[in-house]
Amino acid sequence: MARRNTREILVNEGMTAFMAKGYEGIGIQQILAAAGVPKGSFYNFFDSKEVFALEVLDAYARRYIEFVAEYLHGDGPPLDRLRAYFSALEDEMCRAGDAAGCLYGVLSQTSAPHSDVLRERLKEAFASWRENLVRLLSDAREQGELAQNADIAALSDAIIDSYEGALLRMRAEGSTVPVRRYRNVTLEALLVAAAPQK
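Computed from a predicted model, the values in this text were never measured in an experiment.

It is worth spelling out the side chain of E90 at this point. Along the chain, E90 turns up in helix 5 (residues 78–96). On the basis of relative accessible area, E90 is assigned to the buried category, the value being 6%.

Written out as structure tokens, the structure is:
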């Protein structure tokens, strides 16, 4: 039990540390100190920092399964669910402080250039996110909220790409204003462009 708890503590601390400082900006010793775990314990659980980062990514993905299910796969009109999803993400960013952001985006910038294994896992994570959006937007198209000829795959990619850009600017400016602007301006513009012509 203690071994599992120590592993979970390290993973949770790693998630916070990677979100705040990226892959290259934080050392294992700093994570151990913040977690209150003795030096030397890390390699009892993880073979390397890269393996540790993979487990942190897996934990991050598990944390959002219910979140995605609640908003993207819940009840109500699809585009209302999409808007509620990004509103909830904005609320989360406001609460997160220095750790605000998307771990996929942070690690894509700070680890992917140095690790093919992490790059592949991040590609899988973005692909899963895209699949969830494609599913929701396909429902929106079937229900007449989007044009029948709307390119759902391209729209899903544009939603992710522009959101990650807003998060990048949020981290640079230390403000959630770019995320709010994304939700109120960019997302709406993308949806209007794909809406049925009247």
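Glancing now at the nonpolar core. By size, the foremost hydrophobic cluster in this structure holds 64 residues, and its most contacted members are F52 and L82. Among the elements that line this core, the one with the most residues is helix 4 (residues 49–71), at ten residues. Aside from chain neighbours lying at most four places away, what touches F52 is L10, V11, G14, F18, I28, I31, F42 and F46.

What follows is about the environment of A193. Among the secondary structure elements, A193 is positioned in helix 9 (residues 177–193). For A193 and R141, which are 52 residues apart along the polypeptide, the C-alpha to C-alpha distance reads 13 Å.

As for its placement among the helices and strands, I152 is situated in helix 8 (residues 152–173). Residue classification places I152 among the buried residues on the basis of a relative accessible area of 5%. I152 sits 19 residues away from L133 along the chain, and the two C-alpha atoms are 8.5 Å apart. The contacts of I152, once residues within four sequence positions are left out, are V134, L137, S138, R141 and L146.

Attention now goes to the state of the cysteines. On inspection of all chains with the given rule, the structure shows zero disulfides. Left without a disulfide partner, C94 is nearest to the cysteine sulfur of C102, which lies 16 Å away. The exposure class of C94 is partly exposed, given its relative accessible area of 45%.

Conventions we followed
- Residues numbered from 1 in each chain as written.
- Predicted model: local features only at pLDDT ≥ 70, side-chain atom pairs only at ≥ 80, totals over all residues.
- Heavy atoms only, no water.
- Helix = DSSP H or I, 4+ residues; strand = E, 2+ residues; numbered from the N terminus.
- Buried < 20%, exposed > 50% of the residue type's maximum accessible area, 1.4 Å probe, protein only.
- Core = buried A, V, L, I, M, F, W, Y, C linked by side-chain atoms within 4.5 Å.
- Contact = heavy atoms within 4.5 Å.
- Disulfide = S-S within 2.5 Å.

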